[in-house]
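Given next are the chains, with one letter for each unit.
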Amino acid sequence: MRCVIARFPFELTKGGVLESMKGIKPEPVTGESVIIGRRHYPVKQVGQVVTRQDRRDFSSAEVLRAMAQLGFTCRAVPKAAPLGSLSPMQHASAMLGTPVTV
């Protein structure tokens, strides 16, 4: 599959990506990730290994799009749970430093 990452064209195949990532130890995942084989790799690490470019040269969205088109499972950053909203009275109480009952 032909894709463009950091303004450079690449011919990527699923087998080629698997071969490139063979023997590469995954870094800790703190953001978006790609599952290659049975391992979870950070998107930027995969992009760096596959394209041999510096991580600052491409965006994670470019690599995510390419990996998804090749059929790899991509995971987004988990969203934080929304905080309960406080009433104006509870907000004022919290600003004064008194205990807030919700």
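For the structure, see preceding data.
These figures come from a predicted structure and were not determined experimentally.

## As for the nonpolar core
Core analysis: the largest hydrophobic core is formed by 20 residues, its most contacted members being Ile5, Leu12, Val17, Val34, Ile36, Val46 and Met67. When residues in this core are grouped by element, the largest group, five residues, is from helix 3 (residues 60–70). If near-sequence neighbours (up to four positions away) are discounted, Ile5 is found in contact with Phe10, Leu12, Thr51, Gln53, Phe58, Glu62, Val63 and Ala66.

## Regarding the packing of aromatic side chains
Summed over the entire model, instances satisfying the criterion amount to zero aromatic pairs. Above the face of the Phe72 ring, Lys14 is positioned so that its terminal group lies 5.1 Å from the ring centre. The ring centre of Phe58 lies 4.9 Å from the NZ or CZ of Lys44, which sits over that ring.

## Remarks on the packing of helix 2 (residues 43–51) against helix 3
Two quantities define a packed helix pair, namely the angle between the axes and the distance from one axis to the other. Here helix 2 crosses helix 3 at 75°, and the two axes come no closer than 9 Å. Classed by the angle they form, the pair helix 2 and helix 3 counts as roughly perpendicular. Residues Val43, Lys44, Val46 and Gly47 of helix 2 form the contact with helix 3, whose participating residues are Ser60, Val63, Leu64 and Met67. A class-by-class count of the residues in the contact of helix 2 with helix 3 yields five nonpolar, two polar and one charged.

## Considerations on the sheet that holds strand 3 (residues 33–36)
Taken in spatial order, the three strands of this open sheet run 4-3-5, and their pairing is antiparallel. Strands with a single pairing partner mark the edges of an open sheet, and in this sheet they are strand 4 (39–42) and strand 5 (73–75). If you compare each strand with its neighbour and ignore which way they point, the axes differ by 30° on average. With four bridges connecting them, strand 3 and strand 4 associate as antiparallel partners. Each residue of the ladder has a partner; that of Ile36, found in strand 4, is Arg39. Its contacts with the sheet put helix 2 on strand 3 and strand 4, and the angle it makes with strand 4 is roughly 85°.

## Regarding the pairing of strand 2 (residues 8–11)
Bridging between strand 1 (residues 2–5) and strand 2 involves four bridges; their strand directions are antiparallel. Within strand 2, the position partnered with Val4 by the bridge is Pro9. Counting the residues that bridge the hairpin from strand 1 to strand 2 gives two residues, and of these Ala6 lies at a positive phi of roughly 55°.

## Things to note about the pattern of salt bridges
Inspection of the entire model under this criterion finds three salt bridges. Two residues, Arg55 and Glu27, come together in a salt bridge whose shortest N-O distance is 2.8 Å. Residue Arg55 is located in the loop between helix 2 and helix 3, and its partner Glu27 is located in the loop between helix 1 (14–21) and strand 3; the two are separated by 28 residues in the primary sequence.

Conventions used here
- Residues numbered from 1 in each chain as written.
- Predicted model: local features only at pLDDT ≥ 70, side-chain atom pairs only at ≥ 80, totals over all residues.
- Heavy atoms only, no water.
- Core = buried A, V, L, I, M, F, W, Y, C linked by side-chain atoms within 4.5 Å.
- Buried < 20%, exposed > 50% of the residue type's maximum accessible area, 1.4 Å probe, protein only.
- Helix = DSSP H or I, 4+ residues; strand = E, 2+ residues; numbered from the N terminus.
- Contact = heavy atoms within 4.5 Å.
- Phe/Tyr/Trp six-rings, centres within 6.5 Å; stacked < 30°, edge-to-face > 60°.
- Lys NZ or Arg CZ within 6 Å of the ring centre and 35° of its normal.
- Axes fitted to C-alpha atoms, helices over the stretch in contact; angles between N-to-C directions.
- Parallel < 35°, antiparallel > 145°, perpendicular 65-115°, else oblique.
- Nonpolar A, V, L, I, M, F, W, Y, C, P; charged D, E, K, R; others polar.
- Pairing = 2+ DSSP bridges.
- Salt bridge = Lys/Arg side-chain N within 4 Å of Asp/Glu carboxyl O.

No statement about biological role is implied by the geometric values presented.
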